[in-house]
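Survey of secondary and tertiary structure
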Amino acid sequence: MEISGLNIVDASAGPVAEMDRLGNEIAELSAHIEAAGAYLLELIREFDARGGWNHGFRSCAQWLAWRVGMNRGAARERVRVARALGSLPRLAEALARGELSYAKVRALTRVATPETEERLLAVGKAGTACHVERIVRGWRRVDSIAEARETTHRHKSRALHVYEDEDGMVVVRGRLTPDAGAVLKQALAAARETLYQRAHGTDEGAIPGDVSSETSSTQQQADALALLAETALHHGIDPGTPGERYQVIVHVDAEVLADPQAPGQSVLEGGVRVSAETSRRLACDASRVVMRHDPNGNVVEVGARTRTIPPAIRRALHHRDHGCRFPGCGLPFGQGHHIRHWANGGPTTLSNLAMLCRRHHRAVHEEGYQVDRQPDGELRFRRPDGRPLPDVPPPSAIPNDPVRALRARNEAAGLHLHARTACPGWLWERLDVGWAIDVLHPRALRPLGPASRPSKPLRKSAGAP
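In short, a report on the structure. Predicted model only: the values in this text are computed from it and were never measured.

**As for helix α15 (residues 433-440)**
- Buried residues of α15: V433, W435, A436, I437 and L440, and no others.
- The N-cap residue of α15 is D432: its side-chain oxygen and the backbone nitrogen of G434 are 3.4 Å apart.

Rendered as structure tokens:
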């Protein structure tokens, strides 16, 4: 049978073309979003550097979680990437032009330095996000191995030589590990300060003028080391217990607790004066001992030590508040804060207490922030200037057509984005991570020899997983 003039019509051609159009639109819009994300990171970096978050918030990431609604982990990562891009202009430019996705840049900034930025940028453009993650993991393994080797080498090379020179002087030469060296430098600095006080007669236990103040810096170091040795032999060599607990004792008049403007003492145990608000903060949730004095200052009565907040109320407070109540914080631990201070007649009851972390307890007492409880039981926080600080900030204004607004902003910035802007230059090869790290990582370069693996074109450093 002979068949001629047969025309075959593909009924799926129309739907396929439509799917291609949708795919291209998705890719183009993704590039627009990545370019806008680069601008967002630039704003975050400037906001962080200028301390715009430092008005009651612990960090820029915490402010982002409160103001923008980001997950806290994602907010911390955004701030990290924003800071890193400040010293990586090539990666920042590629992200701003929509050529790299945020996922790739986030991974590359974990290992990139100004010296390695160029080669890692090539990795980002050539491979997929999966390839980039795998190469970064390999890169970090090389870094950690090299760091461990360097640490081991430092530890083994530590030494201290003490010997007498020909003229009878004792010569000290040595190499200390970085942590031991830091301890020694701090100790020498403290010893030099003590010698300075003796030289100027400010040390009550020393004879004025027993140390010359005209010695050079190297001579001061030598004198400081001698003082350290004498002190250690005199007091015994005992570094103390690292976990030793301590208490801060404050002596404060009742009138000062009730009214910060009232005259009276508010001093630490050693005699250092602190503000009345600091005393009120410490007294909010602490043990207290009431001591009565006669007109001459002699103690006439000492009461029993009691907790400001009894254990039962403290348990109920933790159960109710579940952590710090300051907007955007939520740390799971904190201190009980008397909304109306007990020295002013405020009761130690749940309705008059709020859980605040140490940072925000200080903000309320010493930095001018205010908190009160509303009739419906909700807490209301205010900034020092009286403006409200809500738990949930007001939503930002969004244009009626955000996609059109985004494209218009990018076009105004001179960006011409299309469906192939962020397409990786991958040729579907299989990725050899070991070879890629050997080629890319400065610490992993190996001399070429007969046993070396055959070289490959750099194009093939990124391939299928």
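**Thoughts on the packing of aromatic side chains**
- With the rule as written, the count across this model stands at 5 aromatic pairs.
- Relative to W63, the ring of F47 has its centre 4.4 Å away and its plane inclined at 40 degrees; by these criteria the two rings are tilted. Taken as a pair, F47 in helix α1 (residues 13-49) and W63 in helix α2 (residues 60-67) lie far apart in primary sequence, 16 residues in all.
- Judged by its relative accessible area of 15%, W63 falls in the buried class.
- Relative to W66, the ring of F57 has its centre 5.0 Å away and its plane inclined at 40 degrees; by these criteria the two rings are tilted. We note that F57, like W66, is buried.
- Members of the aromatic cluster, connected to one another through ring pairs, are F57, W66, F326, Y369 and F381.
- For R78, the ring lying beneath its charged end belongs to Y102, and the centroid distance is 4.5 Å.
- The positively charged end of R409 is found above the aromatic ring belonging to Y39, 4.7 Å away from the centroid.

**With respect to the pairing of strand β2 (residues 170-175)**
- Counting buried positions along β2 gives 0 out of 6 residues, so the element sits mostly on the surface.
- Where strand β1 (residues 159-164) lies against β2, 6 bridges are found, and the strand directions are antiparallel. Along β2, the bridge assignment pairs A159 with R175.
- As consecutive antiparallel partners, β1 and β2 are separated by 5 residues, and within that stretch G168 has a phi angle of approximately 90 degrees, a positive value.

**Points about the environment of R359**
- Secondary-structure assignment places R359 in helix α13 (residues 358-366).
- In this structure, the C-alpha to C-alpha distance between R359 and C329, residues 30 residues apart in sequence, is 9.9 Å.
- In this view, R359 contacts N54, G56, F57, R58 and E367; residues no more than four positions away in its chain are not counted.

**Some details on the pattern of salt bridges**
- On inspection of all chains with the given rule, the structure shows 17 salt bridges.
- Across the pair E366 and R362 runs a salt bridge whose closest N-O atoms are separated by 3.6 Å. Taken together, the positions of E366 and R362, both in helix α13 and 4 residues apart, correspond to about one turn of that helix.
- Residue E366 is classed as partly exposed on the basis of its relative accessible area, which comes to 25%.
- On the basis of relative accessible area, R362 is assigned to the partly exposed category, the value being 38%.

**A word on unusual backbone geometry**
- Even without glycine at this site, H322 takes up a positive phi of about 55 degrees.
- Structurally, H322 is set in the loop between α12 (311-321) and β9 (335-338).
- Under the relative-accessibility criterion, H322 is labelled exposed at 57%.

**What about the packing of helix α8 (residues 178-199) against helix α9 (residues 217-235)?**
- Here α8 crosses α9 at 100 degrees, and the two axes come no closer than 8 Å. It follows that α8 is roughly perpendicular to α9 by the angle criterion. On the side of α8, the interface is formed by L184, A187, L188, A191, R192, T194, L195 and R198, while α9 contributes Q220, Q221, D223, A224, L225, L227 and L228.
- A class-by-class count of the residues in the contact of α8 with α9 yields 9 nonpolar, 3 polar and 3 charged.

The rules behind each value
- Residues numbered from 1 in each chain as written.
- Predicted model: local features only at pLDDT ≥ 70, side-chain atom pairs only at ≥ 80, totals over all residues.
- Heavy atoms only, no water.
- Buried < 20%, exposed > 50% of the residue type's maximum accessible area, 1.4 Å probe, protein only.
- Helix = DSSP H or I, 4+ residues; strand = E, 2+ residues; numbered from the N terminus.
- Polar contact = N/O pair within 3.5 Å; in protein donor to acceptor, adjacent residues only side chain to side chain.
- Phe/Tyr/Trp six-rings, centres within 6.5 Å; stacked < 30°, edge-to-face > 60°.
- Lys NZ or Arg CZ within 6 Å of the ring centre and 35° of its normal.
- Pairing = 2+ DSSP bridges.
- Contact = heavy atoms within 4.5 Å.
- Salt bridge = Lys/Arg side-chain N within 4 Å of Asp/Glu carboxyl O.
- Axes fitted to C-alpha atoms, helices over the stretch in contact; angles between N-to-C directions.
- Parallel < 35°, antiparallel > 145°, perpendicular 65-115°, else oblique.
- Nonpolar A, V, L, I, M, F, W, Y, C, P; charged D, E, K, R; others polar.

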